[in-house]
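Close look at the chain arrangement
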Amino acid sequence: MTDTTASTARAQIGVTGLAVMGSNIARNFARHGHTVALHNRSVAKTDALIAEHGDEGDFVRTETVDEFVAALQRPRRVLIMVKAGDATDAVIEELAAAMEPGDIIIDGGNALYTDTIRREASLRERGLHFVGAGISGGEEGALNGPSIMPGGPKESYESLGPLLESVAAVVDGTPCCTHIGPDGAGHFVKMVHNGIEYADMQLIGEAYHLFRDALGFDAAQIAAVFGEWNTGDLESYLIEITAEVLSQVDAKTGQPLVDVIVDAAEQKGTGRWTVKSALDLGVPVTGIAEAVFARALSGSRAQREAAKGLASGVLGDKPTDADRFTEDIRQALYASKIVAYAQGFDQIRAGSVEYGWDLTPGDMATIWRGGCIIRARFLNRIKEAYDTNPDLTSLIVEPYFKDAIETAIDSWRRVVVTATQLGIPVPAFSSSLSYYDGLRAERLPAALTQGQRDFFGAHTYERTDRPGKFHTLWSGDRSEVDA
Ligand SMILES: NC(=O)C1=CN([C@@H]2O[C@H](COP(=O)(O)OP(=O)(O)OC[C@H]3O[C@@H](n4cnc5c(N)ncnc54)[C@H](OP(=O)(O)O)[C@@H]3O)[C@@H](O)[C@H]2O)C=CC1
Ligand SMILES: O=C(CO)[C@H](O)[C@H](O)COP(=O)(O)O
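The following paragraphs examine the structure supplied in this document. All values reported here derive from a predicted model rather than from experimental measurement.

Regarding the site of ligand 1
Taken together, the neighbourhood of ligand 1 is formed by 20 residues, with M21, N40, S42, K45 and V82 sitting nearest. N40 places a side-chain nitrogen or oxygen 2.8 Å from an oxygen atom of ligand 1. When isolated, ligand 1 has an accessible area of 890 Å², and the protein chains bury 77% of it. Contributions of two or more residues to the shell around ligand 1 are made by α1 (20–31) and α4 (86–98). Its residues placed into classes, the shell around ligand 1 shows ten nonpolar, six polar and four charged.

A look at the site of ligand 2
As a matter of local geometry, ligand 2 sits amid N110, S136, K190, H193, N194, E197, Y198, Q267, K268, G269, R295 and I373. Between ligand 2 and K268 there is a distance of 2.8 Å, counted from an oxygen atom to a backbone nitrogen or oxygen. R295 places a polar side-chain atom, nitrogen or oxygen, 2.8 Å from an oxygen atom of ligand 2. Within the complex, the protein chains bury 76% of what would otherwise be the 380 Å² of accessible surface of ligand 2. The element that contributes the greatest number of residues to the shell around ligand 2 is helix α8 (residues 185–213), accounting for five residues. Among the residues making up the shell around ligand 2, the classes are represented as two nonpolar, six polar and four charged.

Things to note about the environment of A70
In this structure, A70 sits in helix α3 (residues 65–70). On the basis of relative accessibility, which here comes to 14%, the residue A70 falls in the buried class. For A70 and H209, which are 139 residues apart along the polypeptide, the C-alpha to C-alpha distance reads 54 Å.

Focus on the nonpolar core
In terms of nonpolar packing, the biggest core is built from 93 residues, with L210, W368, I382, L395 and F429 touching the most fellow members. In terms of residue count, α8 provides more of this core than any other element does, 14 residues in total. With sequence-adjacent residues up to four places away left out, I382 is seen in contact with Y341, F345, A365, L395 and F401. Counting residues in each nonpolar core, the second largest holds 27 residues, with I25, F29, A142 and L160 among its members.

A word on the packing of aromatic side chains
Any pair of aromatic rings gets described here by the distance separating the centres and the angle formed by the planes. Summed over the entire model, instances satisfying the criterion amount to 18 aromatic pairs. Judged by centre distance (5.1 Å) and plane angle (75 degrees), the ring pair of F226 and W229 falls under edge-to-face. With F226 and W229 both in helix α9 (residues 219–229) and three residues apart, this pair spans about one turn of that helix. Residue W229 is classed as buried on the basis of its relative accessible area of 6%. Cation over ring: R295 sits above Y198, and NZ or CZ is 3.6 Å from the ring centre. Above the ring of F378, the side-chain terminus of K337 is found at 5.3 Å from the ring centroid.

Parameters and conventions
Residues numbered from 1 in each chain as written. Chains lettered and ligands numbered in written order. Predicted model: local features only at pLDDT ≥ 70, side-chain atom pairs only at ≥ 80, totals over all residues. Heavy atoms only, no water. Near = heavy atom within 4 Å. Polar contact = N/O pair within 3.5 Å; in protein donor to acceptor, adjacent residues only side chain to side chain. Areas by Shrake-Rupley, 256 points an atom, 1.4 Å probe, with all protein chains shown as cover. Helix = DSSP H or I, 4+ residues; strand = E, 2+ residues; numbered from the N terminus. Nonpolar A, V, L, I, M, F, W, Y, C, P; charged D, E, K, R; others polar. Buried < 20%, exposed > 50% of the residue type's maximum accessible area, 1.4 Å probe, protein only. Core = buried A, V, L, I, M, F, W, Y, C linked by side-chain atoms within 4.5 Å. Contact = heavy atoms within 4.5 Å. Phe/Tyr/Trp six-rings, centres within 6.5 Å; stacked < 30°, edge-to-face > 60°. Lys NZ or Arg CZ within 6 Å of the ring centre and 35° of its normal.

Set out below in structure tokens:
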């Protein structure tokens, strides 16, 4: 425990882990008038921050954890912004040893929500509050206003909320920060946010691929289309930065930068976690799953090298009406995006039930409207949908989205058919369309699956005309018995 005197304990918040995210959010706190204690494992980052930005606010430079904790007003509030996993556990342990009951540790990294559940329970036993807070917005968001998804005990939010809300993005006067739910709820929601981010990026990537290989557009032409789309329903941060990335010219070669970047996408884990969790919860997040697998496929360099030149089959003709096909792609992107968000919100609802979190999906739509990577005009529509019906079964049946998909459906099918005929992979466009067709189908082949399961494993089935479970005596006289 640290002995602190009122004269030295003057910081309202401490930030430990001063890499990209931590340094920018520390500056954000300072710019909003909070005194910020700074700490990093290696002191060089602390000194660099103070040297470059020390004049932006009131910072307290510390070297050791004891000094850091001693610099904080009670109840002490420390935001950890370090690498997720073992590093976070190590930092929590050091801090917990120096802090006192009633103090609050906030983990703002991309922690796995089950780790957050474990950490919250363990620190609660020691009298400390632990808040797993998803923070999205990257470097720019951390500095100018991220979207913040804090979990943990409701009572911690009473002391912490105003501080976090003061640095969050604001949309229509509402901060993009709210208490999400107990223990791991905040990190669960951030994980699903990142899963949706993956799906959105994959869909944009597929649109880009179609422009390049079906319409023969160069990067600058495609950038112009995305720039134009960013003035309509698709307006979003990811569409905006897509136009910027595609406009960038490589200084060394004079070529578009995108043409000299290796086409192997990396991933740190949150997309994969979303899919693993969705598998456990039994929620079909097909768009997110395809996005994770598409990144994995792009990185399968040996297999891709070996498969080069394999048969394509007969390829169809390229579209001749570029304007019409451009509009088809826009519609397919919008409809697939609706599916990706619908699936993500389904996962949030299922997670809420599984963990007893009592989450309010409309809150996510509200706080994702600004600051975060998936911020988009479209989220206003999702917020309105949940405002109208907080118990919405699926976004795709809500009138606005239902109409949007009906408007897009022909284009969506043309895009998937054309891509297939041209041998252009569109896993997220096509799986989203199949998901939609699956949900709206009168009869699915699952009846056959049930028959097969009953045949080989006596797993039983339900009938359309009578309640109960039944089994056919497949290896006997094939009569049906009650199960
Ligand atoms: N980058 C982004 O856009 C986003 C990142 N996040 C999450 O925020 C967190 C911070 O991300 P980012 O700023 O990119 O930094 P990194 O994830 O690259 O982490 C670097 C920081 O972690 C510290 N660190 C690493 N290992 C340890 C350890 N064992 N003990 C103490 N400190 C350690 C480093 O200290 P040192 O300087 O001494 O090496 C450094 O301050 C991560 O959890 C990340 O997933 C969330 C949203 C967006
Ligand atoms: O959390 C984030 C944004 O919301 C990070 O940028 C995230 O790390 C990106 O994930 P990946 O590296 O797997 O693409």
